Every structure is written in C-alpha cells, then in structure tokens.
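Spelled out from the first residue to the last, the chains are:
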Amino acid sequence: SRKNSTYLESAYLLMYGSLPSKTQLHQWERAVMQHSALPQSVIDAVNSLPHDAHPMGVLLTGINALSLQHPEANPAISGQNVYNGRDKNEV
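Quick summary incoming for the structure in this document. Along each chain, numbering runs from 1 in the same order as the chain's sequence is written. With pLDDT at 70 or above as the cut-off, local features in this predicted model cover only qualifying residues; side-chain atom pairs require 80 or more to be listed or tallied, and sums for whole chains, interfaces and linings still use all residues. With hydrogens and water stripped out, all remaining heavy atoms of the structure feed into the side-chain values.

Fitted lines through C-alpha atoms serve as axes, helices being fitted only where they are in contact, and the angles separating the N-to-C directions of these axes extend from 0 to 180 degrees. Where helices and strands are cited, they refer to DSSP runs of H or I of at least four residues and of E of at least two residues respectively, numbered from the N terminus. At a minimum axis separation of 10 Å, helix α1 (residues 7–16) and helix α2 (residues 22–34) run at an interaxial angle of 100°. Between α1 and α2, the angle is such that the two are roughly perpendicular. Between α1 and α2, the residues in contact are L8, E9, A11, Y12, M15 and Y16 and Q24, L25, W28, E29, V32 and M33, respectively. Looking at side-chain class alone, the contact of α1 with α2 contains nine nonpolar, one polar and two charged residues. Orientation labels follow simple angle bins: below 35 degrees gives roughly parallel, above 145 gives roughly antiparallel, 65 to 115 gives roughly perpendicular, and whatever is left gives oblique. Residue contacts are defined here by distance: any two heavy atoms, one from each residue, within 4.5 Å place the two residues in contact. Basically, the charged four are Asp, Glu, Lys and Arg, the nonpolar ten are Ala, Val, Leu, Ile, Met, Phe, Trp, Tyr, Cys and Pro, and anything else, Gly included, counts as polar.

This is the structure:
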C-alpha cells in the first residue's frame, strides 16, 4: 500500500471516505481543475491594484470580486425569502 497521497487524493478521501481508484482520481482531478479557473473579472480586479498593495488587501479584493460572480447563490437575491418574518431590529 502507498504511504503518500497527493492533496487531491486526500481531498477525495475526506469527501467520499476512501482513496480513489486511478479512474476516479483522473475524473476528480479533471473536475477540480475545471472548477478552479478564476473569472477574468476577478483577475482584472486584482491586477488593477497597486503593485505594492498589502497582500491581505489583495486577497480580500479577490474574494470580494469572486463573491459577485454568482448572485443567484445569495438567498436574499434569489427570492428564498430568508428575511421574511424576522424582526428587523435583529442584527
């Protein structure tokens, strides 16, 4: 048995409870890589920052720009009425 696993093999193990077969690993790696690409607008937002910007500010900018990519994932926008019936004074 192997004593070392790649990061993606370990991630598969955590998700599915066992190490992947070669075929499963290939499909898993392909799926992860397919969904890992950054949208151009996120790249543009990060590239628009000053070259000497603080790394935490750059990270936050990237995360915030990425959060704008899927507004349908926001329950308040997607019409799921998550705020209905809630006391408006609650924080």
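Further remarks concern α1. Each residue is assigned to one of three classes by its accessible area relative to the maximum for its type, calculated with a 1.4 Å probe on protein chains only: buried under 20%, partly exposed between the two thresholds, exposed over 50%. Considered for burial, the residues of α1 that qualify are L8, E9, A11 and Y12. Seen from one end, α1 has its buried residues packed into an arc of 160°, which puts them on one side. The exposed residues of α1 that point more than 90 degrees off its buried face are Y7 and L14. Of the surrounding secondary structure, the elements contacted by the buried residues of α1 are α2. Once α1 ends, the next one or two residues include G17, with phi positive near 90°. It is the directions from the helix axis to the C-beta atoms whose arc is reported.

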